[in-house]
Structures are given as C-alpha cells and as structure tokens.
Amino acid sequence: MFALRPSLRNATTKLSSARTLTTAVPSPVRPLLRNTTVVPARIQAQRLGVLMAQAHPWRTATAGTQLLRRCYSMDATQEEASTPALTVEDMMPVENIRNIAIIAHVDHGKTSLVDKLLSQSGEALGSTRVMDSNTLEKERGITILSKVTSVVYNTKDDKSVKINIVDTPGHADFGGEVERILSMVDGVALIVDASEGPMTQTKFVLNKALSIGLRPLVVLNKVDRPTSRVDEVDGLLLDLFGSLGASDEQMDYPIVYASAKEGWATRGMDEPRENMKALFDLIVEHVPSPKVDRLDTFKMLVTQIDSNPYLGKCFLGKITGGTIKIGDKMQALSPEGKQTESGRVTKIFVRRGLEMIPVSEAGAGDIVTVTGVANATVNSTLCDLSVTEPLPSNPIDPPTIAMKFSVNDSPYAGEEGKNLTSNMIRERLMKEAETNVALQVVESENKEAFEVRGRGELQLGVLIETMRREGYELSVSPPRVVFKEEKGERLEPIEEVTIDVASQYTGTIIEKLSKRKAEMKSFDENGDKTRIVFECPTRGLLGYSAEFKNDTSGDGTLNHTFLGYAPFKGGLDRSRKGSLVAMGTVGSATSYALNLIEPRGKLFIRPGDKVYAGMVIGESSRTGDLEVNPTRAKQVTNIRTVAKDENIILRPPVEMSLESMISYIAGDEVLEITQSSLRIRKRELDPNKRRQNQRSGRD
C-alpha cells in the first residue's frame, strides 16, 4: 500500500516495549530528520492477533502524499521544503475518523477499558489507569477531568481509521465534564457493570447523550464475574432507554460483552475471548464519521483549556468546519458572539496515545489542541476572521451547593502557605471558573469573600485540596444549598439517591433519610442485598455520607445525581452534638489537659498539636458547645510526694478527610485550610462576641 523511504528501509531498532520500529539513518541525499516522532509501519499485537497501526508509514515522495511528514515532524527536511503545499484531500479522510466518548457510572470500568484499547493498539503504557494522570485522580482512584486520546485501527479491509477516544468522569459531582465534551463526539460507548446494572450516573450521562441525538453502543462490562446478571441488566437497560424517550434508532443499540480488566470483548457470550477487536470493529461500524465540510471556513468550539508554561493557554476542541494551519489568522468569539481577541495560530497538536504530537495543519472532523490566543474560555468559538456567528454549546445543569471562600485570619495564618491575600484567592478561583464550566464564582460586596457554587461536596473538596497543595491558605464556610425563585415560589434542588446495602441496614437507612425529607421510590431485594431509590432534597444529603458509612459499617454504596427542582419541603429534622471549643492562649495541646477533656466527648487532636482560642478540638457528648482548655499543663512544685505520676493513655483521635470536615462543620464554624493542616474553628474566635451573637439570634 505504501513504500518506505529508501533511507529508512533497512534500519530497525528495539525499544523497551519490544516493538520493531523504523528509525531514521542519515544519508547524503536525505539528511536525518530532527524532532521526528518514530513511526512504525504496522504492529502485530502479540498473542492478541489484533492488527493495529501505531501511525501511518512514510509514503513515497510525491506532491500529494506529504501529509505524514508534516503531521509527525516538527522540522521540514530539504525535500519537504520543495514539495507543494498540502491540499485538503491529503489529510486523513473525514470518513476515516471516529470521535467517541466513554461514559458510565463511577467504577464501572471506563478508564480500564481505555487502557486496554490503548495497549492493544500498540501503545507502551507502563502502568494501569494511565488516563488518570492527575495526582488527585491517582490518589483517590477516580476520574476527575475528561481526557482525550486516539488510536489508529486497521479494519478487515485494510482501511486505517483514526479513533479519537474521550475518557469521562463517572462521579455525579463532575457531570459538567461529561456535558461539555459531548459536543465534540459523534457517538458514545455506555459502559454498564453487568452485576450492578444501570445506576444514577448511568441514567444522567445516557440522558445527556440521547438528548443531543447521539446513538449509544452498550458495553456490558465484568460479565466474567460470578455475580453478573447479563440478561436482567439487558432488560433494565432497555427499560431505561424507553423511560428517557429514546428514538427507535437509539433503542436499536448494539451490545458488546466485555471484561476490561482481562482485555477482551465479544459480540456474543459464547464467542472466543481473546482481545478487544470486536469493540474496535463495532466503533468503526456503529459510530458515524463527523458531518463536517473541510471546504468551509475554520470553526472550532473550545471544550477544554490546558495551561502550558511555554505556550500559554492551549484550547482543545473538534474542528467543525474548514482547515487550519500554523500562521493562520483566527479570532475568539464569546458565546454571545462578541469578539474577545484575535491572533495567529502558533501551534497545533493532535493526541496520539499518551502523547501530544505537533502538526502543521489539521482539518474538520479531528480533535486538536490549538494555541495562539489568550482570552478565550470554555464554550468560546475559535474561527476565521470572516465568521460572525458563534457555534452553539450544550447547556450545563446549574450548580446546587455553594461555599464561601475567604482569607485565613486565624492566629497561625501565614505560617505554612505562600498565597495568602484575597487577590491571590480571587485570581485562582477565576482561573478555575474559566476552565470548569460547572463552577460559578460570585464576589462579595467588600471583595474579601467569594461564593463558589458547584455540583457537590466532592467537586468543591477537590478544588480546595488542589488550592491547598498549590500553597493557598483560606477559610471556607459550610456548604449551603442554592435555591431559586420561580413565580414567587421557593424551589430547591432534588437528587435521585440510589443505595445498595445489606438487608439488615435498610430500616436505619429509611428512618434517617425520612427525617431528611427523602421519599422512597423503589425497594428491590436481590439475595442478601437491597437497592433502595429515594428522591431527596440536596440539603438533606449534606453531611450524610459519613453518617451513612457509620450506619452500614462501611458495607454499602450511596450514589446520587441531580434530578431537578421542586417546591421547598420545609425544615429538616436533624441535629449535631455540640463542639469542644478551645479557650485560653495560643499554644500546643498537652496530654495532661486532653486526659481531663476526653471524658467530655470525642477528640480531634493529639498532644502537641497547635491550638488557639475558638478552635474546635472535638465533639461534645451533649448538645451545646463546651469551652475547654487544651493547653493546660500540670502544676510543677518543689513539694515531694510518694505517689507516682499517672501514666496517661489517650484514645486515638477522630480523623476526618477534607470532605468529611466540609460535611461536619456547623453553621457558625469555618474550616481553616493550610498547606499541611486542616482545622475546624468558630467563625468568631472571641467567646464573648459568640455569646452576644447567640443571644441576638445570629451565627
């Protein structure tokens, strides 16, 4: 099909991944290419028998076949400099491109599936969950940010197809990531656990895909487990598609049975389980090629923004019209159609496995990263200067909870962090709001506090943890629900809650959620496990996750997703015990003092921890706050005694994660965030002023 360049024909080298690649050897006729991505001709996946293409082989040096030299080389050779410019027809044909998103509920196997697709296409991964590259993603084992990769697959008829794959988060708090990337794909692969079946986030992401007309293909994952319920889950999926108003074409979805962990997929349960070829073939067959026109003017909707220390802002999106090459003039249009900036294209990148490969030109239908302007935001349109209308963007569900961020004013402020002022906090929050469309930042009148609105405690907790690691110090208020008014009626957000728990805990769960104004919608028993579905106000779920773990002894799962708005349901029947509040001077807690305080409740601190007046050091065993002195030391005198000093043994303190603390803090408390410490404290540190506020009915 293609001929290798003469200078590359005879030289091969072995890399660490044991793949035979063609490498460049200098010759007097054709000098060695610089900064060239090594390109293999074909890769036979060992043991799997899946024929993939790591990248296209070099073509013969004709005027119409110089695409790959320009796409996979940073610098042009003398031969390339003398060749005619590329035409639109020389690029990867639009009909050979597939753009697909992997969507699913959390822990149903999206990232593991992408790992196998990459490894079986010839990529040397080196580890598992390679798409979860963020530090917090690796620590928590969840996907937080959407990421794009691509593979080139050789079909049965020897046609090379480029598949752009978008890995998406599965947690409901990061649903905004899923909503915004659906605009740049032409199909979705819905991953469903064959044991758990459709969950809350499955319904959410599927509804978003169906609403914009995408035709999903279904991957029943983990079918090799003894607890899998293939036929039953298939029936539940059919019911789900019907309940979401899927069209006849969308209802006719194909199914692949897979085990992402083991690396195989089949079209039938009785077929040989060897590799992921069945899924590759289904993607090529079922997902349509992009409906674009490369002869049109250049247009691209920005769906993600990355920052590069050398290139500045990098804008990711799918080109919906025309072509673009380095040096072209372009402009950025806001969603309202106002020009925010104009400039020239400085860099164009395409994804290739785990790498970003620079190219000199790209065409409609492909997903690329472009640099050259600085003031564009997510949902901005990058386009030719002649374009006046922005591209439409998918609507994003509104945020449901809010927290107030302000400067840390505790006695220990400034000892651990480096970003301390309100201006620094403001700049960081505004930068986050530019790239995360699910977040909203509202400044207070005095510009010293900022209300950050998001989808859930986990999303805001990830933002706080990220800022904390970047050296910011701040204090945050407890989360509150974002209400809205409609026709004079107060509406509040409602969540659909799905709980899977052992049968002996169902009574406690129903009792607790009923006090939080939840309504039970279904109750299904399956062996010793029970699935309960509730509709609960968002404010009823604030702080409930830690209580749920205690009630179920950690043997239960709770998932929730935004359902809609409903009339306000009234006050909640819930209460928290009082706090043990430190008094006295700034100092370190002593074993002697904590031994005297311990009978009064549960401690949050250890001997030697820094404390100050107004800091919450534990939870009281009774209602109402109790002021204690944790820095008190044993009185030392010169009077001898025959009694021995008591050997003090304290119980281990209660340790809480950042999200647990956010859920725990009361209305008159804030959470102090520093680079190495998390402290719960009263908003007002002066005990006299706190008592005055209580008498006047204020927090």
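Calculation rules
- Residues numbered from 1 in each chain as written.
- Predicted model: local features only at pLDDT ≥ 70, side-chain atom pairs only at ≥ 80, totals over all residues.
- Heavy atoms only, no water.
- Pairing = 2+ DSSP bridges.
- Helix = DSSP H or I, 4+ residues; strand = E, 2+ residues; numbered from the N terminus.
- Axes fitted to C-alpha atoms, helices over the stretch in contact; angles between N-to-C directions.
- Parallel < 35°, antiparallel > 145°, perpendicular 65-115°, else oblique.
- Left-handed = near helix turned anticlockwise from the far one by under 90°.
- Contact = heavy atoms within 4.5 Å.
- Buried < 20%, exposed > 50% of the residue type's maximum accessible area, 1.4 Å probe, protein only.
- Core = buried A, V, L, I, M, F, W, Y, C linked by side-chain atoms within 4.5 Å.
- Polar contact = N/O pair within 3.5 Å; in protein donor to acceptor, adjacent residues only side chain to side chain.
- Salt bridge = Lys/Arg side-chain N within 4 Å of Asp/Glu carboxyl O.
- Phe/Tyr/Trp six-rings, centres within 6.5 Å; stacked < 30°, edge-to-face > 60°.
- Arc of directions from axis to C-beta.
- pLDDT = per-residue confidence, 0-100.

A. Highlighting the sheet that holds strand β16 (residues 339–344). What the eight strands build is an open sheet, ordered β16-β15-β21-β12-β13-β20-β17-β18; its pairing is antiparallel. This sheet does not close on itself; its edge strands, each paired only once, are β16 and β18 (355–359). Each strand axis lies, on average, 35 degrees off the axis of its neighbour in the sheet, ignoring direction. Alignment of strand β17 (residues 347–352) against strand β20 (residues 367–371), held across four bridges, turns out to be antiparallel. Bridge pairing links phenylalanine 349 to threonine 369 in β20.

B. Quick look at the environment of valine 387. Following the sequence through the fold, valine 387 ends up in the loop between β21 (381–383) and β22 (401–406). Along the backbone, valine 387 and glycine 337 are 50 residues apart, and their C-alpha atoms lie at a distance of 9.8 Å.

C. Structural context of the packing of helix α12 (residues 506–515) against helix α14 (residues 544–552). Relative orientation of the contacting elements α12 and α14 amounts to 155 degrees, with a least axis distance of 10 Å. The pairing of α12 with α14 is recorded here as roughly antiparallel in orientation. Considering how the two elements wind past one another, α12 and α14 form a crossing that is right-handed. On α14, the residues that touch Thr508, Ile509, Lys512 and Leu513 of α12 are Tyr544, Glu547, Phe548, Asp551 and Thr552.

D. Seen up close, helix α9 (residues 277–286). Within α9, eight of the ten residues are buried, leaving the element largely enclosed by the surrounding structure. Burial in α9 covers these residues: Ala278, Leu279, Phe280, Asp281, Leu282, Ile283, Val284 and His286.

E. Here's a closer look at the nonpolar core. In this structure, Ile103, Met184, Leu190, Val218, Leu220, Leu237 and Phe241 are the most contacted members of the largest nonpolar core, which totals 35 residues. At the level of elements, β5 (97–104), α5 (175–181), β8 (187–193), α6 (200–211), β9 (216–221), α7 (230–243) and β10 (255–259) are the ones that each hand at least two residues to this core. Apart from residues no more than four positions distant in its own chain, methionine 184 is found in contact with Asn99, Val148, Val166, Thr303, Leu316, Gly317, Lys318 and Ile367. Within the second largest apolar cluster, 28 residues are counted, among which are Met403, Val441, Leu460 and Ile665.

F. Seen up close, the environment of leucine 650. Tracing the chain through its elements places leucine 650 in the loop between β37 (626–628) and α16 (658–664). Taking the C-alpha atoms as reference points, leucine 650 and asparagine 595, 55 residues apart in sequence, are found 6.5 Å from one another. Among residues more than four places away in sequence, those in contact with leucine 650 are Leu594, Asn595, Glu598 and Pro607.

G. Here's a closer look at the side chain of lysine 208. Among the secondary structure elements, lysine 208 is positioned in helix α6. Setting aside its immediate chain neighbours within four residues, lysine 208 contacts Glu179, Leu182 and Asp397.

H. Seen up close, the environment of glutamate 457. By secondary structure assignment, the location of glutamate 457 is in helix α11 (residues 457–469). In sequence terms glutamate 457 and isoleucine 401 are 56 residues apart; their C-alpha atoms lie 7.8 Å from each other. Residue contacts for glutamate 457: discarding those within four places in its chain leaves Asp173, Ile401, Pro479, Leu541, Leu542, Gly543, Glu659, Ile662 and Ser663. A distance of 2.6 Å separates polar atoms of two side chains, one belonging to glutamate 457 and the other to serine 663.

I. View of the pattern of salt bridges. In the structure shown here, the tally under the stated rule is 33 salt bridges. The residue arginine 531 makes a salt bridge to aspartate 500 at a minimum N-O spacing of 2.9 Å. With arginine 531 in strand β30 (residues 529–537) and aspartate 500 in strand β28 (residues 489–502), this residue pair connects regions lying 31 residues apart in the sequence. For arginine 531, a relative accessible area of 18% corresponds to the buried category. The buried category is assigned to aspartate 500, whose relative accessible area is 16%. Between arginine 679 and glutamate 672 there is a salt bridge whose closest N-O contact spans 3.0 Å. The class for glutamate 672 is buried, based on a relative accessible area of 0%.

J. Representation of the sheet that holds β37 in the model. Within the open sheet, the four strands sit side by side as β34-β36-β32-β37. Their pairing is mixed. Edge positions in the sheet fall to β34 (601–603) and β37, since each of these pairs with one other strand and no more. Between one strand axis and the next, the sheet turns by 30 degrees as a mean value, whatever way the strands run. Strand direction decides the pairing type here: strand β32 (residues 579–582) and strand β36 (residues 616–620), joined by three bridges, are antiparallel. For valine 581, the partnering residue across the bridge sits in β36 and is valine 616.

K. Focus on the pairing of β36. Of all five residues in β36, five are buried; the element is thus mostly enclosed. Sheet topology places β34 next to β36; three bridges connect them, and they run antiparallel. From the neighbouring strand, glycine 601 faces β36, where its bridge partner is serine 620.

L. The packing of aromatic side chains, seen in detail. Applying the stated criterion across every chain yields a total of seven aromatic pairs. Considering the side-chain rings of tyrosine 153 and phenylalanine 280, the 4.9 Å spacing of their centres and the 15 degrees angle between planes classify their relative orientation as stacked. Within this pair, whereas tyrosine 153 is found in strand β6 (residues 147–154), its partner phenylalanine 280 is found in helix α9, the two being separated by 127 residues in sequence. By relative accessible area, phenylalanine 280 is classed as buried at 1%. Judged by centre distance (6.0 Å) and plane angle (50 degrees), the ring pair of tyrosine 544 and phenylalanine 548 falls under tilted. A residue pair is termed a helical-turn pair when its members lie 3 or 4 positions apart in one helix, as tyrosine 544 and phenylalanine 548 do in helix α14 at four residues.

M. Quick peek at the pairing of strand β7 (residues 160–167). Burial analysis of β7 places eight of its eight residues in the buried class, which makes it a mostly covered element. Side chains Ser160, Lys162, Asn164 and Val166 of β7 all project onto a buried face; the interleaved residues Val161, Ile163, Ile165 and Asp167 project onto the opposite face, where all are buried too. Inspection of the sheet shows β5 paired to β7 by six bridges, in the parallel sense. Counterpart to isoleucine 100 in the pairing with β7 is isoleucine 165.

N. Quick look at α14. Turning to α14, its buried residues number three or more, namely Tyr544, Phe548, Asp551 and Thr552. The buried side chains of α14 occupy one side of the element, clustering within an arc of 85 degrees when seen end-on. Structural note: α14 exposes Lys549 and Asn550 on the side pointing more than 90 degrees away from its buried face. Considering only its buried residues, α14 is in contact with β28, α12, α13 (538–541) and β31 (556–567).

O. Looking closely at the side chain of aspartate 193. Considering the arrangement of structural elements, one finds aspartate 193 in strand β8. Note on aspartate 193: relative accessible area 2%, which makes it buried.

P. The confidence of the model for the protein, seen in detail. Residues with a pLDDT of 70 or more make up 81% of the protein, whose mean pLDDT is 77. Ranking the helices and strands of the protein by mean pLDDT puts β9 first, with 91, and helix α1 (residues 67–71) last, with 33. Contacts from residues 1–90, a stretch scored under 50 in pLDDT, to residues over four places away or in other chains number 164 contacts.

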